[in-house]
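Spelled out, the chains give:
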Amino acid sequence: MAASLRNLRNNPYFLFVRLPYLLSFLCIVSGVIWLFLLPLDDYSRKTYISENALLPGQVHAYFAGSEQNVFRGYKKELEGLLDGHGSDGEKKKSEERTQVISEKIQSILMASGLKVATQGYEYKSSGITHQGENIYAIIQAPRGDATEAIVLVAAWKTIDGQLNLNGVSLALTLARYFKRWSLWSKDIIFVFPPDSKSGTQAWVDAYHDMQPPTVQPLPLKSGALQGGLAIEYPFDHRFENLHIIYDGVNGQLPNLDLFNTAVSIAGGQMGIGTRLQEMWDHNGSYEKRLQTMLRGMVKQGLGYAAGAHSSFMPYHIDAITLQTQGNGWQDEMALGRTVESLCRSLNNLLEHLHQSFFFYLLMQTHRFVSIGTYLPSAMLIAGNFTIMAIALWLRTGYYKDSTQAATVSARLVRDENITTSESEKAQLASKDRNETAPTTGNPATKAAERQLALPLTLIIGLHLIGLIPLYIFNNISHDKYTLATYTSIAINAILPICLSFILSRITTPTQISHQLHLIKSLSLLPLGLFLSTLATLNFSLSFMTGLLCTPLSFMHIFDAKTKPFVRYTLSAFGMAFLNVISPPVVLLVGFLTEAAFGWDVWGMWTQVVVWCVWWPAWVVGGVVLGGGLFS
């Protein structure tokens with residue numbers, strides 16, 4: 001056994017060729033298996049509330065009785081404005097109707113004794129103008145000093161574009177109801193944006209004085225925001241369950257205590273079922289847990305806003321959306337009592353939520369996985385790139401001089417492509433060791449001088465070129481996305497081949513293999529480092545990007561000694577496969593408008609990872625394969 005290990009250690013073919021591929025493959029498989037183990041009971045944990053001051057469900061909710069008549073009255077008034085007619089008998093124009101509704105909401109809030117203000121805003125993205133007027137009101141805390149506040153959001157349109165009439169009517173009723181109570185130690189702010197995407201973002205940015213010039217500042221403000229709730233009740237019939245939406249922009253999540261408090265109040269105190277990630281029938285099985293986790297990872301990885309609450313995340317304000325779902329026997333009063341109890345729990349806080357988890361994966365409403373358990377999965381995927389990069393770097397420099405390095409590098413490549421007998425391989429390995437292996441204590445032995453000018457220029461240039469599609473797709477009009485996408489796919493198919501052709505013309509046949517190894521090494525090294533860092537911020541984006549990039553670790557470098565038919569066939573097949581998993585094909589179809597809007601309004605940076613991290617590495621993979629066409 002010891003002799004076998006020594007032979008492997010002294011065998012450059014095993015150390016520089018087989019072992020890196022084996023370790024990379026094991027890292028990828030281990031990372032995927034690790035992820036699929038997470039839904040098991042041995043790896044996940046039951047949820048619990050860390051902040052004892054929240055006391056969820058420990059108070060009696062009084063929102064009932066006559067408040068239902070107030071709710072119906074407000075709803076009827078708003079319905080009358082929505083269906084109203086102008087003097088000419090035709091329906092009012094959208095702008096006029098919006099203005100009338102805005103004035104009506106302001107009058108209701110002022111009649112309830114609240115301080116009311118408005119804020120106009122305008123965003124332009126993909127040639128589309130998003131504008132509107134936010135209405136908000138503040139209840140000053142009788143027992144507070146206006147240093148802290150809770151936000152309650154009821155947008156006119158849900159994140160899916162549905163009319164949120166019941167949600168707005170309920171928020172108006174709660175504003176009138178909350179004003180009569182003297183127990184509040186924090187101000188309560190009611191915000192009524194025209195939509196869940198841009199209106200809330202404009203209000204939150206202005207609240208922190210971070211608004212762009214097209215967004216008006218807020219005339220009224222309160223203290224530091226401690227938490228936020230958004231209400232979505234987009235239909236008229238009664239509901240069955242509450243769908244809790246918690247995903248934020250760029251994969252940020254609220255403190256787990258807030259989610260657990262909502263589940264505890266809705267399920268324990270109010271008897272309302274809770275759901276997440278649109279899993280309406282969750283029986284607690286492994287399959288359902290895995291499906292819930294994967295759905296959450298996809299949303300977190302894409303990084304776009306999942307609701308009106310998402311705009312609060314970049315400012316470290318914990319917020320969730322309560323969305324009614326199904327057809328059952330729960331009515332608006334049950335939802336109102338749930339919101340009341342949640343506000344009472346947030347009102348109890350002595351400091352900002354901090355004790356529970358900010359990084360987690362939810363399997364169901366009562367089970368989660370913390371970052372310490374799921375992080376190794378993405379780290380293993382990212383680690384395979386680092387292993388391959390280091391192996392390629394050693395492979396190009398662990399020799400006496402650069403000439404021998406190029407010669408042995410080509411010979412190692414030949415070993416990968418030519419099938420020989422075991423005796424021939426042993427003889428070749430022995431010859432390589434005798435000719436090129438460093439001898440301890442020999443002063444003539446030194447590291448090879450690597451020619452880094454060309455590889456570094458190519459790698460840095462590709463990362464800078466990635467800024468071009470990043471700028472184009474974030475600034476062109478939405479009606480040109482189809483043309484831009486097809487153009488991008490065509491350029492991606494041609495660019496690696498062109499670069500490979502140029503590389504073959506400016507390097508000698510004995511140097512091209514050496515240069516390709518350096519290019520691949522210098523591409524995989526920053527990819528592995530970046531994905532490892534990204535995993536701590538957005539685990540899902542790092543994991544998904546890493547999986548899509550795993551073929552790049554195994555892109556083969558063919559040389560002229562490989563049979564032409566084999567070389568051309570494998571290179572062409574590899575290029576076709578790479579184009580199937582290219583960035584525009586995988587992510588950008590159907591995602592461009594949302595990505596551009598997220599860039600302009602939400603500050604979403606998913607596309608930065610796509611074009612400045614994934615795309616350069618992808619092009620290098622194509623260049624490596626294309627080398628087989630011109631070697």
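Residues numbered from 1 in each chain as written. Predicted model: local features only at pLDDT ≥ 70, side-chain atom pairs only at ≥ 80, totals over all residues. Heavy atoms only, no water.

**Describing the pairing of strand S9 (residues 319–330)**
We apply this condition: Whether two strands pair depends on DSSP finding at least two bridges between them. Helix numbers and strand numbers start at the N terminus; a helix is a DSSP run of H or I with at least 4 residues, a strand a run of E with at least 2.
The pairing of strand S6 (residues 224–232) with S9 spans five bridges and is classified as parallel. Opposite Glu232, over in S9, you have Gln323 as the bridge partner. Sheet topology note: the strand S7 (residues 239–245)/S9 ladder contains six bridges and is antiparallel. Following the sheet pairing, Asn241 is matched in S9 by Gln325.

**Describing the UniProt feature "transmembrane region" (unreviewed entry) in the protein**
So the rule is basically this: UniProt positions are given in the numbering used here, feature names are shortened, and annotations may be inferred rather than shown by experiment.
Mapped onto this numbering, the UniProt entry annotates "transmembrane region" (unreviewed entry) at residues 21–40, 374–394, 452–472, 484–504, 570–592 and 604–630. Structurally, residues 374–394 is divided into 100% helix and 0% strand, and its ends, taken at the C-alpha atoms, are 31 Å apart.

**Some points on the pattern of salt bridges**
Where charged atoms from two side chains of opposite charge come close, those side chains can pair. The cut-off we apply is this: Salt bridges are identified by distance alone: a Lys or Arg side-chain nitrogen within 4 Å of an Asp or Glu carboxyl oxygen. Buried residues are those whose accessible area, probed at 1.4 Å on protein chains only, stays under 20% of the maximum for their type, while exposed residues exceed 50% and partly exposed ones sit between those limits.
With the rule as written, the count across this model stands at ten salt bridges. The partner of Lys197 in a salt bridge is Glu594, with the nearest N and O atoms 3.7 Å apart. You can see Lys197 sitting in the loop between strand S5 (187–192) and helix H6 (199–207) and its partner Glu594 sitting in helix H20 (residues 592–602), a full 397 residues away along the chain. When its relative accessible area of 29% is taken as the criterion, Lys197 is described as partly exposed. Several salt bridges converge on common partners, so that one network encompasses Asp41, Arg289 and Arg367.

**Examining the nonpolar core**
Filter applied, for reference: We call a set of buried residues a nonpolar core when its members are Ala, Val, Leu, Ile, Met, Phe, Trp, Tyr or Cys and they connect through side-chain atoms within 4.5 Å of each other. Contacts were defined at the residue level, with two residues in contact if any of their heavy atoms lie within 4.5 Å.
With 71 residues, the main nonpolar core has Ile105, Leu109, Phe190 and Phe192 as its most contacted residues. Counting residues per element, this core draws most heavily on helix H5 (residues 165–179), at nine residues. Phe190 has contacts with Leu114, Ile135, Tyr136, Ala137, Ile139, Leu152, Ala171, Leu174, Ala175 and Phe178, leaving out every residue within four places of it along the chain. Among the nonpolar cores identified, the runner-up in size contains 47 residues, and Ile459, Leu462, Leu527 and Val610 belong to it.

**Observations concerning empty space enclosed by the protein**
Operational definition: Residues are said to line a cavity or pocket when one of their atoms sits within 4 Å of a point; the points come from a 1 Å grid over protein atoms alone, cavities being sets where a 1.4 Å probe fits but cannot get out and pockets being open sets with protein on both sides within 12 Å along at least five of seven lines. Grid points are joined across faces, edges and corners, and a volume is the space filled by probe spheres set on the points.
Within this structure, the stated rule accounts for five cavities of 30 Å³ or more. Taken as a whole, the largest cavity encloses approximately 60 Å³ of empty space. Around the largest cavity, the lining residues are Tyr246, Asp247, Leu253, Gln277, Thr292, Met293, Gly296, Met297, Gln300, Tyr360, Leu361 and Leu362. Breaking the lining of the largest cavity down by element, the ones donating at least two residues are helix H8 (286–302) and strand S10 (360–364). Here the lining of the largest cavity gets five residues from one element, more than from any other, and that element is H8. In this structure, the second largest cavity occupies an estimated 50 Å³ of space. Every residue lining the second largest cavity is counted, ten residues in all, and those nearest its centre are Phe473, Asn474, Leu592, Gln607 and Trp611.

**Thoughts on the sheet that holds S10**
Worth spelling out the cut-off: To define axes, lines are fitted to C-alpha atoms, for helices over the stretch in contact only, and angles between the resulting N-to-C directions are given on a 0 to 180 degree scale.
Spatially, S1-S11-S10 is the arrangement adopted by the three strands of the open sheet, whose pairing is antiparallel. Every interior strand has two partners, whereas the edge strands, strand S1 (45–46) and S10, have only one. Two strands pair when backbone bridges link them, and S10 and strand S11 (residues 367–370) are joined in this way by four bridges, in the antiparallel orientation. Within S11, the position partnered with Leu362 by the bridge is Phe368. Docked against the sheet, H8 engages S10 and S11, running at close to 140° with respect to S10.

**Examining unusual backbone geometry**
Located in the positive-phi region is Leu55, a residue other than glycine, with phi close to 45°. For Leu55, the position within the fold is in the loop between S1 and helix H3 (66–82). On the basis of relative accessible area, Leu55 is assigned to the partly exposed category, the value being 46%. Positive phi, close to 60°, is recorded for Ala146, a residue that is not glycine. Locating Ala146 in the fold gives a position in the loop between strand S3 (128–139) and strand S4 (148–153). What makes Ala146 partly exposed here is its relative accessible area of 40%.

**Let's talk about the sheet that holds strand S8 (residues 273–275)**
One open sheet accounts for eight strands, arranged S2-S3-S5-S4-S6-S9-S7-S8; its pairing is mixed. At either end of the open sheet lies a strand with only one pairing partner, and these are strand S2 (115–125) and S8. Pairs of neighbouring strands in the sheet enclose a mean axial angle of 25°, with direction left out of account. Most of the contacts of helix H4 (residues 94–111) go to S3, to which it runs at about 10°, and overall it touches S2, S3 and S5.

**Details of a nonpolar patch on the surface**
Counted only if it meets this: A residue counts toward a patch only above 30% relative accessible area and without a salt bridge, and it is joined to like-charged neighbours within 9 Å or, for Val, Leu, Ile, Met, Phe, Trp and Tyr, to nonpolar neighbours within 5 Å. Accessibility throughout is a Shrake-Rupley quantity obtained with a 1.4 Å probe, and a residue counts as covered only by protein chains that appear here.
Nonpolar side chains collect at one region of the surface, where Leu22, Leu23, Phe25, Leu26, Val29, Ile33 and Phe554 lie side by side and expose about 570 Å² of accessible area between them. The class of Leu22 is partly exposed, set by a relative accessible area of 43%.

**Brief notes about helix H9 (residues 332–347)**
Rules: To estimate the expected span of a helix, subtract one from its residue number and multiply by 1.5 Å.
Here H9 spans 22 Å end to end across 16 residues, near enough to the 22 Å set by a 1.5 Å rise per residue. Summarising burial for H9: 15 of the 16 residues are buried, a large majority.

**Some details on the layout of surface pockets**
Heads up, the condition is: Under the scheme applied here, ten amino acids are nonpolar (Ala, Val, Leu, Ile, Met, Phe, Trp, Tyr, Cys and Pro), four are charged (Asp, Glu, Lys and Arg), and all others, including Gly, are polar.
Taken as a whole, the largest pocket spans an internal volume of roughly 750 Å³. Lining the largest pocket are 23 residues; nearest its centre among them are Ser94, Thr98, Gln131, Gly132 and Pro194. Of all the secondary structure elements, the ones that give two or more residues to the lining of the largest pocket are H4 and S3. Among the elements that take part in the lining of the largest pocket, H4 stands out by supplying seven residues, more than any other. Considering only residue class, the lining of the largest pocket consists of eight nonpolar, ten polar and five charged.

**Looking at the packing of H3 against H4**
Heads up, the rule is: Each angle is binned into one of four classes, with values under 35 degrees roughly parallel, values over 145 roughly antiparallel, values of 65 to 115 roughly perpendicular, and all other values oblique. By convention, the crossing between two helices is left-handed when the near helix turns anticlockwise from the far helix through less than a right angle, and right-handed when the turn is clockwise.
Where H3 meets H4, the closest approach of the two axes is 9 Å, and the angle between their N-to-C directions is 160°. Between H3 and H4, the angle is such that the two are roughly antiparallel. Crossing of H3 over H4 shows right-handed handedness. Taking contact as the criterion, the partners of Tyr74, Glu77, Leu78, Leu81 and Leu82 in H3 are, on H4, Arg97, Val100, Ile101, Lys104, Ile105 and Ile108.

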